Amino acid sequence: MESGSAKGLVALDVLAILAIFLSLYSYAVYPFILILLRPLFNKKVHQADTEPTVSMIIAVYNEEKKIGDKLDNTLELEYPRDKLEIIVASDASTDDTEAIVRRFPGVKLLRAGERGGKERAQKIALDATRGEILVFTDAGTFLDKSAIRSIVRNFADSSVGAVSSCDKLLSVQAKNAEDLYVRYEMMLRRLESGFNGIVGLSGSFFAGRREVCEGWAEDLPSDFNTVFLARKKGLRAISDDAVVGYYRDIQKNQSEYKRKVRTLIRGMDTFMRTLELLNVFKYGAFSWQLISHKLMRWLVPFFLTALAAVTLVGAWEGSALCSILFALQFVFYAFALLGALSSGSRKWLPVKVAFYFSSVNVAILLAWVGYFKGERIRIWNPTVR
């Protein structure tokens, strides 16, 4: 076949470069921009040792294997007992979770009459609390003894409405791909905190002011919605490296994948229902952050598809750049396929990265399909870890 016109080849090359830029924007360009802007808009958090009243809420559903250890860990927290109330909110558990909770003096158990989801259980507990600061954590997350003191220090800053912990995996063997991704996300949150605040909290351990949580929604993920509630009150959400939530690696890859898709659908639903936050005239840089961190990342599968299509056509028409880019994609996805077919091959870093990146973007595509089919996740089953 004769090569295409020079203008046609140039157009294909430009489209390929644009597709690459868009594909990398959320993962690399956005963090780079934050690094450049941080010195100009460095918003430090004023921390101080304070002792506000705190209500810790642990939402559970059939957590009989974890709740005992969780409450042992919780009762070791170093914070005045007269200023800390511990509430376990059971989403109508059917195992021995509630019986185990009753064995712990000083721990209040609240039970939903029927299953309504994690956020509904949290709301039931929230309405029964008295604390100035509300702390939310999961049964599978373990905390340092100083965790409560560390997290409430941030609320000495009147501009802070919510605080997220940093996630840390326990028992990680050979630094698996999930651990690499978690460390990347924590780095990104660190950059966002130093700039203008984060766009999402760690659902396993975070805290918010009572006035921020007054608009609690039972049908939106609390780790996203609490940030949005804070923003609507003119407050920011931040991440603190000194506040760590420890959790174990997921035991089954299938469970991890279902969790990813479920989390993505809930995130997309929340985003679509809070589009007012994209009003840059009202929310400023936060609107740009929300688009950059969330929406642009969820669009990556479509940018990658466009890149593959453009470079295939360009290579066919005789573009040297498109030929090289198409060959590189072929190798990358071959590594991803190798990782899918052989778990042992994932010990090699290129295969590990290609497999995890590809599986994440397939999960995003599945989530888009689920979202547009009308799937909405309200009820949750704890992930096996």
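Residues numbered from 1 in each chain as written. Predicted model: local features only at pLDDT ≥ 70, side-chain atom pairs only at ≥ 80, totals over all residues. Heavy atoms only, no water.

The next subject is the packing of helix H8 (residues 222–232) against helix H11 (residues 285–298). At a minimum axis distance of 12 Å, the contact between H8 and H11 shows a crossing angle of 165°. Relative to H11, the element H8 lies roughly antiparallel. Like other packed secondary-structure pairs, H8 and H11 cross with a definite hand, here left-handed. Residues Phe224, Val227, Phe228 and Arg231 of H8 form the contact with H11, whose participating residues are Phe286, Leu290 and Lys294. Split into classes, the residues belonging to the contact of H8 with H11 amount to five nonpolar, no polar and two charged. (Axes fitted to C-alpha atoms, helices over the stretch in contact; angles between N-to-C directions. Helix = DSSP H or I, 4+ residues; strand = E, 2+ residues; numbered from the N terminus. Parallel < 35°, antiparallel > 145°, perpendicular 65-115°, else oblique. Left-handed = near helix turned anticlockwise from the far one by under 90°. Contact = heavy atoms within 4.5 Å. Nonpolar A, V, L, I, M, F, W, Y, C, P; charged D, E, K, R; others polar.)

Bringing the side chain of Arg231 into the picture now. Tracing the backbone shows Arg231 in helix H8. For the buried Arg231, no salt bridge exists, and the shortest N-O distance to an oppositely charged side chain is 8.9 Å, to Glu192. (Buried < 20%, exposed > 50% of the residue type's maximum accessible area, 1.4 Å probe, protein only. Lys, Arg positive; Asp, Glu negative; His and termini not counted. Salt bridge = Lys/Arg side-chain N within 4 Å of Asp/Glu carboxyl O.)

Here the focus is the packing of helix H1 (residues 6–37) against helix H12 (residues 300–317). Two elements in contact, H1 and H12, have axes separated by 9 Å at closest approach and are oriented at 155°. It follows that H1 is roughly antiparallel to H12 by the angle criterion. Crossing handedness for the pair H1 and H12: left-handed. From H1, Leu9, Leu12, Leu15, Ala16, Ala19, Ile20, Leu22, Ser23 and Tyr27 reach across to H12, where they touch Val300, Phe303, Leu304, Leu307, Val310, Thr311, Val313, Gly314 and Glu317. Its residues assigned to classes, the contact of H1 with H12 comprises 14 nonpolar, three polar and one charged.

Below, the discussion takes up the packing of aromatic side chains. Per the stated rule, a full pass over the model turns up 17 aromatic pairs. Seen in terms of ring centroids, Phe271 and Trp298 are 5.7 Å apart; in terms of plane orientation they differ by 80°. Their pairing is edge-to-face. Taken together, the residues Phe271 in helix H9 (residues 253–273) and Trp298 in helix H11 connect sequence positions 27 residues apart. The rings of Tyr27, Tyr184, Phe332, Tyr333 and Phe357 are connected pair by pair, giving a single aromatic cluster. Positioned over the ring face of Tyr61 is Arg115, at 3.5 Å from the centre of the ring. The ring of Phe355 has Arg346 lying over it, and the distance from NZ or CZ to the ring centre is 4.1 Å. (Phe/Tyr/Trp six-rings, centres within 6.5 Å; stacked < 30°, edge-to-face > 60°. Lys NZ or Arg CZ within 6 Å of the ring centre and 35° of its normal.)

Here we take up H1. If you check H1, its first and last C-alpha atoms are just 39 Å apart, much less than what 32 residues at 1.5 Å a residue would give, namely 46 Å. Its maximal kink placed at Tyr25, H1 deviates by approximately 80°. (Expected span 1.5 Å × (residues − 1). Bend = angle between axes of the 7 residues up to and from the residue.)

Here we take up the pairing of strand E6 (residues 160–170). Of all 11 residues in E6, nine are buried, a share of seventy percent or more. Judged from the three bridges that link them, E6 and strand E7 (residues 205–209) form a sheet pairing that is antiparallel. Across the sheet, residue Ala162 finds its bridge partner in E7, namely Gly208. (Pairing = 2+ DSSP bridges.)

Here the focus is a nonpolar patch on the surface. Side chains of Leu15, Leu18 and Phe21 sit close together on the surface and give an oily, nonpolar patch of about 270 Å² of accessible area. Residue position: Leu15 is located in helix H1. (Patch = residues over 30% accessible without salt bridge, like charges linked within 9 Å, V, L, I, M, F, W, Y side chains within 5 Å. Areas by Shrake-Rupley, 256 points an atom, 1.4 Å probe, with all protein chains shown as cover.)

If you trace the eight strands from one edge of the open sheet to the other, you get E3-E2-E1-E4-E7-E6-E8-E5, paired in mixed fashion. Each edge of the sheet is formed by a strand with only one pairing partner; in this case those strands are strand E3 (107–111) and strand E5 (142–143). Here five bridges tie strand E2 (residues 84–90) to E3, and the two strands are oriented parallel to one another. Within the sheet, the bridge partner assigned to Ser90 lies in E3 and is Arg111. Each of strand E1 (54–60), E2, E3, strand E4 (133–138) and E5 touches helix H2 (residues 67–75); the most contacted strand, E1, lies at about 170° to it.

Right, let's get into the pattern of salt bridges. Under the criterion given, the structure shown has 18 salt bridges. Here Glu98 makes a salt bridge to Arg102, at a shortest N to O gap of 3.9 Å. Of the residues examined, Glu98 reaches a relative accessible area of 8% and is grouped as buried. The salt bridge partner of Asp219 is Arg273, with a shortest N-O separation of 2.8 Å.

A separate point is unusual backbone geometry. Positive phi is not limited to glycine here, since Asn62 has a value of about 50°. Its location among the elements puts Asn62 in the loop between E1 and H2. Accessibility expressed as a relative area gives 27% for Asn62, which makes it partly exposed. One non-glycine residue, Ala92, adopts positive backbone phi at about 55°. Turning to its location among the elements, Ala92 is positioned in the loop between E2 and helix H3 (97–101).

Before going further, it helps to examine helix H13 (residues 320–341). An ideal rise of 1.5 Å per residue puts 32 Å on 22 residues; H13 measures up with 32 Å between its terminal C-alpha atoms. Restricting attention to buried positions, one finds in H13 the residues Cys322, Leu325, Gln329, Ala336 and Gly339. Taken down its axis, H13 places every buried residue within 105° of arc, on the same side. Along H13, exposed side chains directed more than 90 degrees from the buried face belong to Ala320, Ile324, Phe330 and Leu341. For H13, the elements touching its buried residues are H1, H12 and helix H14 (349–372). (Arc of directions from axis to C-beta.)

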